[in-house]
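Single-letter residue listing:
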Amino acid sequence: MTKSQIKISKKIAILEALLAKEKNFSEAEFSYSQFDNFISGKNKEYVEISLRMNFYLTLKKLFISKRVNIYKLFSSYFEFSREGNALLKSIIHRSIIERVAIFYYYTRLMKNYSLPKSDDDDAALTILERTIMPKIVRGYSQTSIDPEQLLKINDIRGVRLRNLETRNAYDTTPLNILTAIEKLDRKVIGTKNSYNILSNFAHPNFFDSMTAHSNQSSELNEFGDMVFNFVMSAKKPFKVDPELSNILGLTDDILIELVEFYLVIILESEKYIREAKAFCKNLVESDLQFYVNERAFKKTGLRKGTKCPCFSGLRIKDCCGKHLF
Ligand SMILES: [Zn+2]
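Computed from a predicted model, the values in this text were never measured in an experiment.

Caption draft 1: Broad picture of the overall build of the protein chain. Secondary structure summary: the protein chain contains 12 helices and 2 strands in total. Reading the protein chain from its N terminus to its C terminus gives the helix and strand order α-α-α-α-α-α-α-α-β-β-α-α-α-α. Expressed as a percentage of its 325 residues, the buried residues of the protein chain come to 27%. Of the contacts made within the protein chain by residues no fewer than 6 positions apart, 70% connect residues no fewer than 24 positions apart.

This is how it looks when you write it as structure tokens:
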């Protein structure tokens with residue numbers, strides 16, 4: 001092993017240790033089809049109460065799916081680093097930055113909206129419905145393409161897009177990835193530079209000789225400058241390690257800082273998801289309360305022993321209906 005390889009494998013070991021929990025997390029199975037099965041065949045009232053959980057479930061899908069995919073990228077990153085495949089490692093690294101930037105963007109966004117204190121808080125509920133939900137849906141599907149437009153096209157080289165839902169309140173303003181990366185760069189200084197360098201590596205107009213080689217040593221141009229100096233425009237300029245001449249090694253250092261920051265925002269997102277769950281369960285409880293008060297509980301097909309519409313898997317009387325009977 002060369003000195004440079006030893007350095008790289010140390011960095012991978014640090015990242016792997018930091019992300020150990022995420023490995024377990026991403027390997028756990030998430031099946032959302034179970035929710036569809038759960039409400040199929042149930043009566044109208046039951047389905048309506050279940051829909052109260054929609055905000056929580058969509059939010060959960062947004063953050064969990066992004067976390068799982070970020071970890072999937074990391075496992076490939078580890079693999080290609082070990083193989084010394086600079087090109088694929090760089091492409092994946094770049095994608096990790098984009099995805100963590102988006103994750104941070106949505107965590108920040110959610111923190112800016114506090115959840116309604118009660119189901120009587122009409123103003124807050126309106127914000128939730130008209131502002132927050134569309135943003136979450138937007139983040140989840142991660143596209144600036146209007147689904148209604150897609151449905152009109154409906155056929156892209158024979159691929160029919162049948163199952164795409166249309167949503168009236170869908171926010172189609174494109175989210176520029178650079179906006180998210182700039183916000184992240186304020187927290188993890190150097191991320192933007194790192195992203196610029198990796199983007200250049202990823203493109204076919206860059207020096208392919210540098211990425212075709214497992215040894216990512218830098219080259220001097222005809223003026224004796226490092227060829228990548230032009231992409232460095234920033235607060236934390238890269239200093240090229242004269243011994244290793246390993247510019248990608250510097251982006252790896254920043255990646256370690258990025259992961260440390262990512263682990264903090266994961267906790268923040270989890271906290272918000274927990275709050276959203278409690279809020280939605282309150283809505284379920286007050287719906288159940290309504291039917292009990294109206295003496296219409298049994299007519300709606302609900303029973304104390306029915307599985308709770310909040311998807312907990314518990315019976316109503318042991319869950320959101322605990323205080324009602
Ligand atoms: Zn419940």
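Caption draft 2: Quick look at unusual backbone geometry. The phi angle at F311 is positive, at roughly 70 degrees, despite the residue not being glycine. Secondary-structure assignment places F311 in the segment after α12 (247-293).

Caption draft 3: Geometry of the environment of K89. Within the fold, K89 resides in helix α6 (residues 86-112). Put simply, K89 and Y77 are 12 residues apart on the chain and 5.4 Å apart in space, counted from C-alpha to C-alpha. Look past the residues within four positions of K89 in its chain and what remains in contact with it is Y77, F80 and S81.

Caption draft 4: Structural detail: helix α5 (residues 54-83). Taking 1.5 Å of rise per residue, the 30 residues of α5 would be expected to cover 44 Å, and the 43 Å separating its terminal C-alpha atoms lies within 8% of that figure. Buried residues of α5: F55, Y56, L59, L62, F63, K66, I70, F74, Y77 and S81, and no others. Once α5 ends, the next one or two residues include G84, with phi positive near 75 degrees.

Caption draft 5: Molecular detail of the environment of K66. Of note, K66 is situated in helix α5. Using a count of 20 C-beta atoms within 10 Å as the deciding quantity, one classes K66 as buried. Dropping the residues within four chain positions of it, K66 is found in contact with R99, I102 and F103.

Caption draft 6: Layout of the packing of α6 against helix α10 (residues 191-202). α10 packs onto α6 with a crossing angle of 140 degrees between their chain directions and a minimal axis gap of 9 Å. The orientation of α6 with respect to α10, classified from their angle, is oblique. Regarding α6 and α10, the two cross each other, and that crossing is left-handed. Of the residues in α10, those in contact with S90, I91, H93, R94 and I97 of α6 are T191, S194, Y195, L198, S199, F201 and A202. Class assignment for the residues of the contact of α6 with α10 results in 6 nonpolar, 5 polar and 1 charged.

Caption draft 7: Layout of the nonpolar core. Residues L59, I96, V100, A101, L184, C280 and V284 are the most contacted members of the largest nonpolar core, which totals 50 residues. Looking at this core, the elements with two or more residues in it are α5, α6, α7 (122-141), α9 (177-187), α10 and α12. For this core, the leading source of residues is α6, giving 11 residues. Discounting residues that sit within four places of it in the chain, V284 has contacts with I49, R52, M53, P309, C310 and C320.

Caption draft 8: Representation of the packing of helix α2 (residues 20-27) against α5 within the structure. Running from N to C, α2 and α5 cross one another at 120 degrees; their axes reach a closest spacing of 9 Å. The way α2 lies across α5 gives a crossing that is left-handed. From α2, E22, K23, F25 and S26 reach across to α5, where they touch R67, V68, Y71 and K72. Grouping the constituent residues of the contact of α2 with α5 by class yields 3 nonpolar, 1 polar and 4 charged.

Cut-offs and rules
- Residues numbered from 1 in each chain as written.
- Predicted model: local features only at pLDDT ≥ 70, side-chain atom pairs only at ≥ 80, totals over all residues.
- Helix = DSSP H or I, 4+ residues; strand = E, 2+ residues; numbered from the N terminus.
- Buried ≥ 20, exposed ≤ 12 C-beta atoms within 10 Å, placed from the backbone.
- Contact = placed C-beta atoms within 7 Å.
- Expected span 1.5 Å × (residues − 1).
- Axes fitted to C-alpha atoms, helices over the stretch in contact; angles between N-to-C directions.
- Parallel < 35°, antiparallel > 145°, perpendicular 65-115°, else oblique.
- Left-handed = near helix turned anticlockwise from the far one by under 90°.
- Nonpolar A, V, L, I, M, F, W, Y, C, P; charged D, E, K, R; others polar.
- Core = buried A, V, L, I, M, F, W, Y, C linked by C-beta atoms within 7 Å.

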